[in-house]
Structure formats: structure tokens, C-alpha cells
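Chain residues, written in single-letter form:
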Protein chains: 2
Amino acid sequence: MLWIPIDRDSNVSLMKQIYQYVRDQILCGALQVGEKLPSTRGLANHLGVSRNTILDAYEQLIAEGFLITSKGAGTFIAEGTFLERRQKQEINLTKQSKQDTDVIDFRSGIPDLTLFPRKDWAKLSQETWNDAEALTFGYDQPEGRLELREVLSSYLFKTRGVSCRPEQIIITSGATQALTLIAKLLLSPDDHVVIEDPITTDIQTIFQTTGASLYPIHVDEKGINTALLPKHLRPEFVFITPSHQFPLGSTLPIQRRIELIEYVRQKNSYIVEDDYDSEFRFEGLPISSLQGLEEERVIYIGSFSKILSPALRIGYVILPYDLIDHGRELKWFSDLHTPSIDQLVLARFIEGGYLERHILKMKKLYKRRRDVLMEELNKYFSEEITFLGYTTGLHLVVEWKDITFSEQILKRLEEHHVKMYLVEDHSIIKGKHCNRLIIGYGHLHSETIIEGVKRLKDALDGNLSDVGRI
Amino acid sequence: MLWIPIDRDSNVSLMKQIYQYVRDQILCGALQVGEKLPSTRGLANHLGVSRNTILDAYEQLIAEGFLITSKGAGTFIAEGTFLERRQKQEINLTKQSKQDTDVIDFRSGIPDLTLFPRKDWAKLSQETWNDAEALTFGYDQPEGRLELREVLSSYLFKTRGVSCRPEQIIITSGATQALTLIAKLLLSPDDHVVIEDPITTDIQTIFQTTGASLYPIHVDEKGINTALLPKHLRPEFVFITPSHQFPLGSTLPIQRRIELIEYVRQKNSYIVEDDYDSEFRFEGLPISSLQGLEEERVIYIGSFSKILSPALRIGYVILPYDLIDHGRELKWFSDLHTPSIDQLVLARFIEGGYLERHILKMKKLYKRRRDVLMEELNKYFSEEITFLGYTTGLHLVVEWKDITFSEQILKRLEEHHVKMYLVEDHSIIKGKHCNRLIIGYGHLHSETIIEGVKRLKDALDGNLSDVGRI
């Protein structure tokens, strides 16, 4: 219903106020040509004025040409009544650069969205909205739905060796919120975080925003190098991605896992285990979580962004008992809780076996795509490259013997309509990963991968001396 | 020969059972560093499984670092694989007090959840999951779906006189996240917030968490008393709930609105307008949003918790242009964005006219319930009470002439199986609202309201001198 501001203390008559308002709205285009106005009776009720007042205002607008009536159909905004407003003070917004639709973008961390199991999800979603208890539509507890936490605790035990009770889980709006929550939970200015280097820049930002300092530790082919753990300081926690280090892709061996646990036991601090990409392991069994080895000193983070869809925004954090109460409180003051019905749909999706089937199917597909990618890269560059972190996940890293990648080379790639990403962009101590590219393949069809690698070849061909070949 | 318990009826694969058993035995020290494992052929015979099963299990254990092979010599337990187990300690969790199911709870701010339009929502939800573009299942922009922001900007213009473009809107996970975002956007330690007193305690907490100080201003029957705005300090913003002040329920008149705008223009600060409960106005005209009067100095907050369902966790904040970029960034580092499909369903719900119909229906219902509540209260207490803030919303406030409400009186109410709430709990400067109760009625049937007021009467009957009657 059309809303009109009225000032009863004004010496302007109600009719004139209504007339003027509607006129202004038409002139500025807020009421658009062809739009239907409410009936005089309806508008009069809505605004609490007499119907005659509205009739008078409409009549005036009709007489001046702003409105037209069509017998039986109602009253409409007439054509030719829009007057462009003068320029308001405009502030430039960060615009998204226009997408080059022909570009092949090897961005990492994107699942194949076309295969999201939409039919199943739509069905479960409809069922859940229809049969949920009315109370479910109300405010919930900050930790989220018990139904989901129960299903999750048994699912994670089976698939990841995670050992927790449902009350240790807080459902979050994706892994990002879990990270933000942990930062608030444990970090103050002057605190320290021991962290893998390189590591996703967004994660660095989230921790640094609290005023804490990062203590970067070099990641080698086995993951974080535990020999370099600092003895002289006490970090609040050590942040690791042990299943599939991002970006380098290493899987942390048991010796280093145990060293880390012994380290945080001795320092009386925590390990934050971001179980990134663990589900898509192409060879052998998925590696069990660190959390299963040490429940009291490991905070475990997971999300459904890679295995289902980032748009769901559902993740979780598993907390040791002594952090639960504070964690719940922080979630409450962030956004009370994560949407309830979405959680129930996900619980049904896991319980009904849909998730495991989906992961199985996607794993096969991603493995095929990875194989194509490696084959194609080998075809052109076999003498020049080494693969890193290719056993798991949606991306791998390629190391070149004699190319130092720079923004200039990336630009040349873009001129050839192909996009790849620098490991170096995620490094804290700069200069160690300049010959490495992150290549995400999960979301790309085989033919696209083949074409993309060909474009890479073309871009790198010829004289690169001007842009960085050593 | 190593004995491994195998369960052939289990749905865990034999390989995984063997892997897991050996792994656990190594970790706990039952299999010790340097110990030699049986040959794959020998163990396969011994356990009656295929040799490949053993090979796969060994390979996995080698990959994870538990075992090492020495050519010709065999397979051994690797070093650094023993982890000392700690005794688990059980910590008591804050348990929810057991719900008294017979109690009539006049809690405020809860819509009638049984009337959530679940059939319509379920249908739109299924449709949206089925026909959304695949890209919608991927990562989105922090500000949320354009579809919803467009619908919202025209809906809010029509219904609330809010004047904004879609790019000024950030979709948030409820009003709480909008408040948290504003706190992060504008507040640092030593900053000041001018705020209504009394005001929801959660909002006080969110602002104070940043280290900023609250400058409380008394709320009278017209809302925040603008004559008391501080001249000597510059607040970052003035926080108000002008449509239906929480908890007192006043509606801010235009004169005070204009004074506030002049104040923040002069101070070069902002108004944060929480348009709480504005939709359910039972008497008189809808009051214009402040935002519509001054776009560049008013930050506007709204949510769908009261008009639809708190479980959706969808709200929004409308920012002046110069705050948009920073606001988007803060949303990104909180949880990237709000779930995408939920936003699309809501956009269709508004666009299809479902929301307006739902509000109309609920408004009639809530008005009826309010009338019953006031009638019943008048029946027992007419000489002793005054109503405040009853023209709008899901609750009202009752002021008693001669009762000072205390925890003791509330306890007596609970003994009579009825719960009401103290205005005083939300006051910053204490002692001014001790004779006032907040009574929420939106979620209660008429018969329940009638019974609840009777219980209140019983509880307050007789000698109250011991618990606070003055």
C-alpha cells in the first residue's frame, strides 16, 4: 500500500499534502509510469483520512495530467510525467570490474555448482518448512539446532575421526564466522598466533584485526615445519590446515601432528584445525583429524561450502569444554544464531545419506578433472614443472623450475583469456613462492581445462625475459 | 602374529578397520617404535582377508607417517608416533533450566509462530531451489542478493518512506548483526554513543563491547528527550527506536525527529534508526522514517524477525554512501554474506504480495489480543494502572501507581505460573522505572491472555508489603 507522510499540525490541508506528495513522487520517478494507484477507499483507510480527501487529491492530479483513469481498471500514473532529478552528491562505489566472459578462470575453492543436488535439497526444504514444529520459527539457542549437531557429531566421528559431543558444536555462518569467533574468543592485542606461511590472506586479516601478531612458520612439502615452533613465546593458538594445506596442499604426517599436540600441551595453548578440503582425498583414506587425538587442546573448524555450496553459509566449530560458554555468548552477540530451517534441512540431507552420495560422486568427478589437468600440464611443461598438493581437494599447485611469476606474467595470461593465481599472494614472509601457481579445477569441465592449459602454454611461450623468466 | 579384531558385518570396510586398529595401537604405544609388522602376505592369511586389503591399509599408514619400509627388511613402526593420552576431564555446562510448561510467558518480541505462512514459504522455497541459476549456489557479494535489495528498497519506500538505492543496503543475519556491524564501523574505545534509556540490554552490550561509552538520555512519553542531547561532547551516533521505543513504546514526534537531525548535522555524526516494530501500528498514521528525511546522516536498521520469523535471521542495514565500502568489508570478514537462497525466497515473498497480506492479517490479530489484554488488566486494576506504548507492536508497558516491582514479586508471579518482565532490567540509570512491567502479547491466544492476567491478579492480591507494595 502506498505510504504518504502527513503532518496534521501543518497549515497545509490534508488534500494538498497528499496531492503534493504523490506529485513529487511521480516527478522523481519513485512512482513509475503505468503503476496503479490504490483505490481511494483503500488509501483513505490506510492513511486514516476521509475518502473525500483522497478523491479530491486524485481529481487534481488527474486534471493536471499526472494520473489517468481507466473505467473499471483503476487509476494509473500517466506517461510523460517523470522529471530527472538534479545530480545528488555521488560517491564512487567499488565497482566490480566487468567480467570477461570468455576468460577461463582457474580460481580455487569453487565446487561445481551446476551439480549441486538441487532437486533433493528443494524437496527436503519444502518438507521441512511444511512439517517443522511452530516453535522452530522462533528464536533459537546460539549454538544452533540439536538435530544438526547430533547428526554432525556422529557423521564427523565416522568420516573424520572427530570425537565430540553435540554440545561442543556451535553451528556458524560458514567457516569465516567460525574463524572470527575464535579470534574474538582467544585473541587480544599483543597476543601471538603461530600460523602456516603461506596461508589464505583473509585468515591473516581476521586474526590481525584483533591486534594480535602473526608468527609465520614455513610450510614445506609435509606441511607446517614443527621444528620451527617458537620456544621463547606462548602463542594463544597454532592455526593449521593439516588435511590439505591452503595453498600448498601438503598433508601433515603423524609425527608433526604429535609434535604440535605436545607443543600446545606444554604451552597451555590451543591448536585451531581448519579441516579444509579433507573430503576430496583421491588416494587412500581421508586422514583423520587432529581433534580426535586431543579433544581438550584442539578447536576444529569445518564447513559445507566446498562439499555442498558456499551459498548455504553453514559451518561449525567444535570447542573444548572450557570454551563453550564463552563461544555461545559470542555467537549470540554476532547474529543470535544461524537460520534454523536451513540447519534442519542439512540435518536431513546428512541423515538421509544424500551427503555421502554427493561427496562420492563429486570426488570421482574432481579426480577426473585433476587427472586431465595434470596430463595437459605434463604435455606442455613436463620438464619444467613439479606438482604439489595434488592428492586432495579442488586445486593443486604447480612449481616452475625457471619462471618467477609476477603481476606482469598474470597480466599476460589474462591477455590470453586465462586466469591463475599466485601462491606468493598468500605468503607472509615474501619471496619464497614466486615460482608457484595455484590452479583450481573443481568447477571446470575437462574441455575447459584442456583449452585453459593451452592458453597458458601460449601465454608463457616465446620470450618471457621481459616479464620474469630467469 | 598381530591379532586384529575384524567385524565382517560392519559397514566399515575391512581395510579401514585394519588401518584404524593398527593406527590406534601405535598411538597408544601398544605397538612400539621400531617394532616390525608382519608381512602383508602373512597377515592376510592370518586374518583371512585378501592381501590387497592389507597392502592398502599399510600404504595408508605409510602415507600418514605411522609406518616406514626399509627395502628388503620389512615394515616398521616409525618414530614420533606415540601420543600420551590425557585423562578426559568433564566440565559442567551451563544447563538450561527446565521449562515449566504450564507457565504463561508474557515475553515480548515474539510473533505468533503458529501463523507463520509455512505453506507459501515452503512452496516458494522449493521453487527457488529448483530454478535458481547455478551461480547462485556459489560465493556471493557481502551486501547480498540484488534481487532482494531491489525489492526491499521499493518496499521500504512505499511502506516506510525510506529513500535509498539498492546499493546502500547490506543484507545482514538479523538486526543483531546489523548492530554489531555498525558498532565495528563507527566505534572505538573512548567514543560515545547517545542512547535511549531504557533500551534493550543486548544493544547496550553490543555497543559497550567496543570500549565505547554510553551517554543515556531519558525516554519520556514521547520518546527520547531531545532537550537533553549533550552539547559538550560529540557522539559517534545517536541510537534510537523512534517507531516504537523498546521497551517503553513511545513514538517520536516530528519535532524531535527534526531536532535530532539538526543535532547530528551540527555534530557531524549519525543517527542509527532501529525501526523496531513499526509495521504493527494499530492507531493513527504511520510515522515517517527518519531516514527518509535525511539520507546522509541516518543509518537505518530493519529485520524480518517480528513480521515473519526470527528463525529466518534476515535483517538489513541501510548506509549513507560514505559508509558503504567499509560496511561491505566488515560483513565479508564476519561471515562473507547471508545465505543466498533464503534471500531470494524472501524477495519473491515480498514481490508476490505475500508479506503485505501477512502483515495485514497479523495486525488485526495482534490488535485483538492487545484489546483483550487491556480489557482484562482494566477489569482488575483499572484504578491502579496506566498503559504506555500500546498503539504499536507486540507488547505494551503497564505502570502501577503503588507497586515497586522487584525480583521477589516476579518470583511470586512465577509461583502463580505467570511470567512478566521488568522495564527496570533495561534501564541504564537505575531506579526510574521500578513500577513498570513489560507485557508481550503477540504470541498468546486470547484465552491464555485472560488466564494470565487472572494469575497476575492472584499473585498481586493480598498483602504485598513484604515484597514491595509502597
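Per chain, residues are indexed from 1 in the order of the written sequence. Written order determines the labels here, with chains lettered from A and ligands numbered from 1. Totals for whole chains, interfaces and linings use every residue, but because this is a predicted model, local features are given only for residues with pLDDT of at least 70 and side-chain atom pairs only at 80 or more, for both listing and counting. Computation of side-chain values: all heavy atoms of the structure, hydrogens and water removed.

**Let's talk about the domain arrangement of chain A**
Then step 1. These domain boundaries are the output of an automatic or database domain assignment. Taken domain by domain, chain A consists of domain 1 (14-77), domain 2 (99-111 + 362-460) and domain 3 (117-352).
Then step 2. Taken over C-alpha atoms, the centre of domain 1 of chain A sits 56 Å from the centre of domain 3 of chain A.

**Remarks on the sheet that holds strand E15 (residues 421-422) of chain B**
Residues and elements named next belong to chain B.
Then step 1. In spatial order, the strands read E12-E13-E16-E15; together these four strands make up an open sheet with antiparallel pairing. Only two strands of the sheet have a single partner each, and these edge strands are strand E12 (385-388) and E15.
Then step 2. With four bridges joining them, E12 and strand E13 (residues 395-400) adopt antiparallel strand pairing. Its bridge partner being in E13, Thr 386 is matched across the sheet by Glu 399.
Then step 3. It only takes one pair of heavy atoms within 4.5 Å for two residues to be counted as in contact. The angle between two axes is taken between their N-to-C directions and runs from 0 to 180 degrees, where each axis is a line fitted to C-alpha atoms and a helix contributes only its stretch in contact. Each helix is a run of DSSP H or I of at least 4 residues and each strand a run of E of at least 2, with the numbering of both proceeding from the N terminus. Packing against the sheet, helix H11 (residues 354-381) makes contact with E12, E13 and strand E16 (436-440), and its axis sits at approximately 160° to E12. Here a strand pair is declared whenever DSSP counts at least two bridges between the two strands.

**Remarks on the nonpolar core**
Then step 1. Of all hydrophobic cores here, the largest spans 142 residues; its most connected members are A:Phe304, A:Leu377, A:Trp400, B:Phe304, B:Leu377 and B:Trp400.
Then step 2. Sequence-distant contacts of A:Trp400, that is, excluding residues within four places in its chain, are made with A:Phe381, A:Glu384, A:Ile385, A:Phe405, A:Asn435, A:Leu437, A:Leu456 and A:Leu460.
Then step 3. To form a nonpolar core, buried Ala, Val, Leu, Ile, Met, Phe, Trp, Tyr and Cys residues must be joined to one another through side-chain atoms within 4.5 Å. Here's how the labels work: a residue is buried when its accessible area is under 20% of the maximum for its type, exposed when over 50%, partly exposed in between, all with a 1.4 Å probe on protein chains only. A:Val194, A:Val238, B:Ile54 and B:Ile77 belong to the second largest nonpolar core, which has 40 residues in total.

**Examining the interface of chain A and chain B**
Then step 1. Counting residues at the interface gives 93 residues for chain A and 94 residues for chain B.
Then step 2. The term buried area refers to how much accessible surface (probe radius 1.4 Å) is lost by two components on association, counted for both of them together. Of the roughly 8000 Å² buried between chain A and chain B, counting both surfaces, carbon and sulfur atoms make up 55%.
Then step 3. Salt bridges, as used here, are contacts in which a Lys or Arg side-chain nitrogen is within 4 Å of a carboxyl oxygen on Asp or Glu. At the boundary of chain A and chain B, one finds zero salt bridges.
Then step 4. Polar contacts, as counted here, are pairs of nitrogen or oxygen atoms within 3.5 Å of one another; within protein the pair requires one atom able to donate a hydrogen and one able to accept it, and residues that are adjacent in sequence qualify only if both atoms are side-chain atoms. Applying the counting criterion to the chain A and chain B interface returns 33 residue pairs in polar contact (both at pLDDT 80 or more).
Then step 5. Breaking the side of chain A that touches chain B down by element, the ones donating at least two residues are helix H1 (14-27), helix H2 (40-47), helix H4 (118-131), helix H6 (174-186), helix H7 (201-208), helix H8 (254-267), helix H9 (324-335) and helix H10 (340-351) of chain A.
Then step 6. We call Asp, Glu, Lys and Arg charged. Ala, Val, Leu, Ile, Met, Phe, Trp, Tyr, Cys and Pro are nonpolar, and the rest, Gly among them, are polar. Of the residues assigned to the side of chain A that touches chain B, the class counts are 38 nonpolar, 31 polar and 24 charged.

**Some words on the packing of aromatic side chains**
Then step 1. Put simply, two rings from Phe, Tyr or Trp (the six-membered ring, in Trp's case) pair if the centres are within 6.5 Å, and we call them stacked under 30 degrees between planes, edge-to-face over 60, tilted for the rest. Inspection of every chain in the model, using the stated rule, returns 32 aromatic pairs over all chains.
Then step 2. Measuring from centroid to centroid gives 5.1 Å for A:Phe207 and A:Phe237, while their planes differ by 75°, and the two rings are edge-to-face. One end of the pair, A:Phe207, is in helix H7; the other, A:Phe237, is in strand E8 (residues 237-240), and 30 residues separate them in sequence. A:Phe237 shares its class with A:Phe207; the two are buried.
Then step 3. The interplanar angle of 75° and the centroid separation of 5.3 Å between the aromatic rings of B:Trp400 and B:Phe405 together place this pair among those described as edge-to-face.

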